[in-house]
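# Examining the three-dimensional arrangement
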Amino acid sequence: MSAPSPLPGPRRPAAWSALCFGVGILLAAIAEVPALPLFGAALLLLLAALVLRDKYPRAGSLLFPLLLCTLGGLRFATCTTLLPVNHILRQEAAEDREGLFTGTVAEEPEQHQGRTRFAFDLEEVRIDSLCRQVSGRVLVSVRDLDLHADLGDRLTLSGRLQRPAPARNPGAFDYRAFLELEQIHFLLALRRPEQLVAIDKRPGPWLWERVVLPVRHSVEQSITRNLSGGPAGLLLGVLLGEKYALPDELRADFRLTGLTHALVVSGLNVALVVLFFLTAFKLCRLPERLALVLTLVAVALFALVTQLQAPVVRAGLMAGALLLGRLCGRPGEVYNGLGLAALIILVWQPASLLSLSFQLSFVVTLSLVGLSQPIAALFPASWRSHPWAGEWVLMPLCACLAAQVGTAPLIAYHFNQFSPISLVSNLVVLPLLNLALAIGMLTGITGWCLPLLATAFNGSNYLVLELAIALVECFARLPFASVQMSRPGMVSLGFWVLLSLCLAFAHHRLARKAALFLALLWGNCAVWTPLLRSPALEVFFLDVGQGDAALVRLPDGRSLLIDGGERSPDFDQGERVILPVLRHLGIDRLEAVVASHPHNDHIGGLIAVLEGMEVEHYLDSGQYCDTWTAQRLQELVREKGIHYHCLAAGDSIAGLGGAGGLVLHPGTGFVSQGEEPVSGFNNGSVVLRLSYGEVDLLFAGDAEQEAEASLLRWGGRLRCEVLKVPHHGSPTSSEPAFVGAVQPQAAVVSVGQHNKFRHPSPAVIARYEKQGVQVLRTDQRGAVVLRTDGKTIGWQTMVE
């Protein structure tokens, strides 16, 4: 039996329609086109298509895809930008002000690590004495409170609405954009009992209260009756889509081994539901039409029980189309069914196209259907025709290869990593997870009526799940199980898509020639683009909270890091901020790390950097410090053979790829080899002046008044275009004489939001602004990125 053609054909209208509709959504999301122009364009295209369809049928057929693209963009724009007049996002007075918020619980609350979260549809807001009727959705987070709220309950809560955090550093997770895909625009945190003002228990929708929730709770109880920990969390994740049931360490191992896609409910769940119920109805000798109808009902119920997650909706719609086709006597077609599922989801929730769940679900299915057979065709015919090796070894191998080819760019784009071990891990672990899923479904089905049989199923499933977890942990510990990489650009993703299409048509000579041409073209682009790029100096003033960290990309492509932010029991800036930024930018080696002084908010994050990154040189002032952080850094320098250099005023730093480095501080008396100097660690900060062409940058560490007075002796060499403001803009720094001597055009203040020190000082900011200096603060703008060719300076900030 021949495989279906890898591309939608003329008899697959749903597939073509979904493709055009999705392209329109993507273009509208990238270009941020307003709804009104799109509405006008759609109207004009519709009128043109109606006028031309009879006289010029070919022109009409060309206009129809354009119309679908425009409608996709229009649907996206109306859902994301056209908000009601009373929407909470339009009520500027409601943000970050204490008030009372009344509304309805919109989703079943989720619990994770002592925290409860649920979506909350606002109805009324009362701030001071002003009461307004509003609309919009808020994400409520409850910690250390006994809140028993269910779907449909009406609550009155007190607190402050906060906007979700945007991406504050390059490559960071954009929580605000993620929640906006769910139409959530504000957060509300509950920490005190008095914040729960009133609760009105109301029944939810009948179907949810009487059918969906009882079924879901019954399945959960059947599983957790005998299973716990990792096995229970893994099974609840793949069976019901529980997001937080799996321990974080195990989730990280699945990501490292390229098995992230296995942690969510998938089309296999729907296939098993169809198989179980069709088999059961056949054994009960029900008429075929009635069995098909009841199976459709079971699929719909399963989709509701798993909270309508994208893979289940996709598979459910495809299964529904195939079952309805069988009911009507018309065979289904896989690409058309997939297109119909995608079109329905995108019309219903157009922003889902931008979610990883939607992308993985459809890309994996397309890859399995379109690439498995072409990949198998690359193997000798004798292998494919072997009685058992062809079906049980070669075809699963080809299916895993197809899935890897399809999902590799998505994983690289979203997680900045590639897992070489993923081919082996998928071949070995996925069959075990599929077996565990089948047994878990039998447990859920029998748990409410045959608990002893469900216990037996749980016992056997425990062995399967433990084996799968042990294998995943073993694969994750192997060297080079995962390789960190920079996020691929749109050009690289485009090349990958074209190469995948060429592979799908590998039996055509033209496709093979095209694949060779594209591979050579991509290789030339990868080699020549960096060489032809004009040299420039880039500085990333990273947002590391109340601390300092600046990444410098030198004109020759090498990089150095100045300070690394804070390390605390709750948050490590090096691990959570700096290393992800380096991976996002494709930096796997640092030429030098400069530590300005041994305070934790400057060197704490450097521990993770030295542990996880190749570093050639480590530079500091030589100041002795007996803290664990400072001692650990010295240990790492010795253990990893990093070249150590002690800096002092007057030293020059060579080998900066066309840039120059001059150390202006610390001078004599500001550094002690045995104890903290009299002037303190701050005044012993390394002050570094970087020069590139006509542009000078001054990194002033935490220098305070004494150090600034010493720096004045440099006279005109203290002047610069860009100043990293000393000591986070504290009132003990940035003295008028110092600011007047530096005369910067721009000043960057590295400071944490709502910090306990109340930095920066308003008087200091006013001092800079009075001299016409542009002040850029990381607490307001996130990371600040500077790029200069040695003459002009360009700025970019992560937060508007």
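This is a predicted model, so every value here is computed, not measured.

Broken down by element type, the chain carries 26 helices and 25 strands. Overall, the chain is about 95 × 70 × 65 Å in size when its C-alpha atoms are taken along their principal axes. Considering the chain as a whole, with its 800 residues, one finds that 48% of them fall into the buried category. For the chain, the share of sequence-separated contacts (at least 6 apart) that also reach a separation of at least 24 residues comes to 70%. Carbon and sulfur atoms provide 61% of the accessible area of the chain, an area that totals close to 38900 Å².

In the structure, helix α14 (residues 389–415) departs most strongly from a straight axis at T407, where the bend amounts to approximately 45° and where the proline P409 lies between one and four residues downstream. Once α14 finishes, N416 follows within two positions and takes phi at roughly 55°, a positive value.

Turning our eyes to something else, we now look at the sheet that holds strand β17 (residues 652–656). Sheet architecture is open: seven strands sit in the order β17-β18-β19-β20-β21-β22-β23, paired in mixed fashion. Both outer strands of the open sheet, β17 and β23 (774–777), are each paired with one neighbouring strand and no more. On average, adjacent strands in this sheet sit at an angle of 20° to one another, irrespective of strand direction. Relative to β23, strand β22 (residues 746–749) runs parallel, the two being bridged by four bridges.

Nonpolar side chains collect at one region of the surface, where W16, L19, V23 and L27 lie side by side and expose about 370 Å² of accessible area between them. Note on placement: W16 falls in helix α1 (residues 13–31). The class for W16 is partly exposed, based on a relative accessible area of 38%.

Our focus in this paragraph is the packing of helix α5 (residues 206–224) against helix α6 (residues 229–240). Taken N-terminus to C-terminus, the directions of α5 and α6 make an angle of 150°; their axes are 10 Å apart at the nearest point. Taken together, α5 and α6 sit at an angle that is classed as roughly antiparallel. As for how α5 packs across α6, the hand of that crossing is right-handed. Mapping the contact onto sequence places R216, V219, E220, I223 and T224 in α5 and L235, L236, L239 and L240 in α6. The residue inventory of the contact of α5 with α6, partitioned by class, reads six nonpolar, one polar and two charged.

For the structure shown, the criterion picks out zero disulfides. Cysteine C284 is unpaired, with the sulfur of C449 as its nearest cysteine sulfur at 13 Å. Using a relative accessible area of 55% as the deciding quantity, one classes C284 as exposed.

Our focus in this paragraph is the nonpolar core. Residues I223, L234, L239, F254, V270, V429 and L433 are the most contacted members of the largest nonpolar core, which totals 49 residues. Of all the elements in the fold, those that place two or more residues in this core are α5, α6, α7 (248–256), α8 (267–283), α9 (288–305), α10 (310–328), α15 (422–446) and α16 (451–477). Among the elements that take part in this core, α15 stands out by supplying eight residues, more than any other. When near neighbours in sequence (up to four residues on either side) are disregarded, L239 contacts V219, I223, V265, N269, F302, T306, L437, G440 and M441. Core analysis: the next-biggest nonpolar cluster, separate from the first, contains 33 residues, A549, L551, L606 and V637 among them.

Relative to the elements of secondary structure, S492 occurs in helix α17 (residues 490–504). What makes S492 partly exposed here is its relative accessible area of 29%.

A word on the pairing of strand β25 (residues 793–797). Pairing between strand β24 (residues 784–788) and β25: five bridges, direction antiparallel. Counterpart to R787 in the pairing with β25 is G794. Hairpin geometry of β24 and β25 is characterised by an intervening segment of four residues between the two adjacent antiparallel strands and by a positive phi of about 100° at G790.

This part covers the packing of aromatic side chains. Scanning the model with the defined rule gives eight aromatic pairs in all. Between F118 and F120, the ring centres sit 6.3 Å apart and the planes meet at 80°, which makes this aromatic pair edge-to-face. Taken as a pair, F118 and F120 share a single burial class, namely buried. With a centroid separation of 6.2 Å and an interplanar angle of 40°, the aromatic rings of F173 and Y175 are classed as tilted.

So, about the sheet that holds strand β13 (residues 559–562). Here eight strands make up an open sheet; going across it, the order is β16-β15-β14-β13-β12-β11-β24-β25 and the pairing mixed. Single-partner strands in this sheet number two, and they are β16 (643–646) and β25. Taken over all neighbouring pairs, the strand axes of this sheet differ in orientation by 20° on average, direction set aside. Strand direction decides the pairing type here: β13 and strand β14 (residues 589–594), joined by three bridges, are parallel.

Let us look at unusual backbone geometry. Here the amide bond leading from H665 into P666 is cis, since omega sits at 15°, within 30 degrees of zero. Here P666 shows up in the loop between β18 (659–665) and β19 (687–692). In this chain, H759 is followed by P760 through a cis amide linkage whose omega measures -5°. Within the element layout of this structure, P760 appears in the loop between β22 and α25 (762–770). Look at H754: it is not a glycine, yet its phi comes out positive at around 50°. With respect to the helices and strands, the residue H754 is situated in the loop between β22 and α25.

This part takes up the confidence of the model for the chain. Counting all residues, the mean pLDDT for the chain is 86, and 96% of those residues have values of 70 or more. Below pLDDT 50 for its whole length, residues 5–10 participates in 13 contacts with residues either more than four positions away or in separate chains.

Across four bridges, strand β11 (residues 537–541) lies against strand β12 (residues 550–553) in antiparallel orientation. Note on β12: the bridge partner recorded for F540 is L551. In this sheet, β13 lies alongside β12 in antiparallel orientation, the contact comprising four bridges. For L551, the partnering residue across the bridge sits in β13 and is L561.

Let us look at the pattern of salt bridges. Overall, the coordinates contain 26 salt bridges when judged by the stated rule. The residue D128 makes a salt bridge to R97 at a minimum N-O spacing of 2.6 Å. On the criterion of sequence distance, the pair formed by D128 in the loop between β3 (115–127) and β4 (130–133) and R97 in the loop between α3 (57–80) and β1 (98–105) is long-range, its members being 31 residues apart. Owing to a relative accessible area of 34%, R97 belongs among the partly exposed residues under this scheme. In this structure, the salt-bridge partner of E107 is R137, at a minimum N-O distance of 3.7 Å. With E107 in the loop between β1 and β2 (110–112) and R137 in strand β5 (residues 137–143), the pair connects residues that are 30 residues apart, well separated along the chain. Judged by its relative accessible area of 40%, E107 falls in the partly exposed class. Judged by relative accessible area, R137 falls into the partly exposed class, the value being 22%. The structure contains a network of salt bridges with shared partners spanning D556, R558, R589, E591, E614 and E616.

Moving on, we come to the side chain of T102. Its location among the elements puts T102 in strand β1. Among the polar contacts listed, one links the side chain of T102 to the side chain of T156, at a separation of 3.1 Å. Residue contacts for T102: discarding those within four places in its chain leaves F120, D121, L122, E123, E124, R154, L155 and T156.

Reading the values: rules and limits
Residues numbered from 1 in each chain as written. Predicted model: local features only at pLDDT ≥ 70, side-chain atom pairs only at ≥ 80, totals over all residues. Heavy atoms only, no water. Helix = DSSP H or I, 4+ residues; strand = E, 2+ residues; numbered from the N terminus. Buried < 20%, exposed > 50% of the residue type's maximum accessible area, 1.4 Å probe, protein only. Contact = heavy atoms within 4.5 Å. Areas by Shrake-Rupley, 256 points an atom, 1.4 Å probe, with all protein chains shown as cover. Bend = angle between axes of the 7 residues up to and from the residue. Pairing = 2+ DSSP bridges. Axes fitted to C-alpha atoms, helices over the stretch in contact; angles between N-to-C directions. Patch = residues over 30% accessible without salt bridge, like charges linked within 9 Å, V, L, I, M, F, W, Y side chains within 5 Å. Salt bridge = Lys/Arg side-chain N within 4 Å of Asp/Glu carboxyl O. Parallel < 35°, antiparallel > 145°, perpendicular 65-115°, else oblique. Left-handed = near helix turned anticlockwise from the far one by under 90°. Nonpolar A, V, L, I, M, F, W, Y, C, P; charged D, E, K, R; others polar. Disulfide = S-S within 2.5 Å. Core = buried A, V, L, I, M, F, W, Y, C linked by side-chain atoms within 4.5 Å. Phe/Tyr/Trp six-rings, centres within 6.5 Å; stacked < 30°, edge-to-face > 60°. pLDDT = per-residue confidence, 0-100. Polar contact = N/O pair within 3.5 Å; in protein donor to acceptor, adjacent residues only side chain to side chain.

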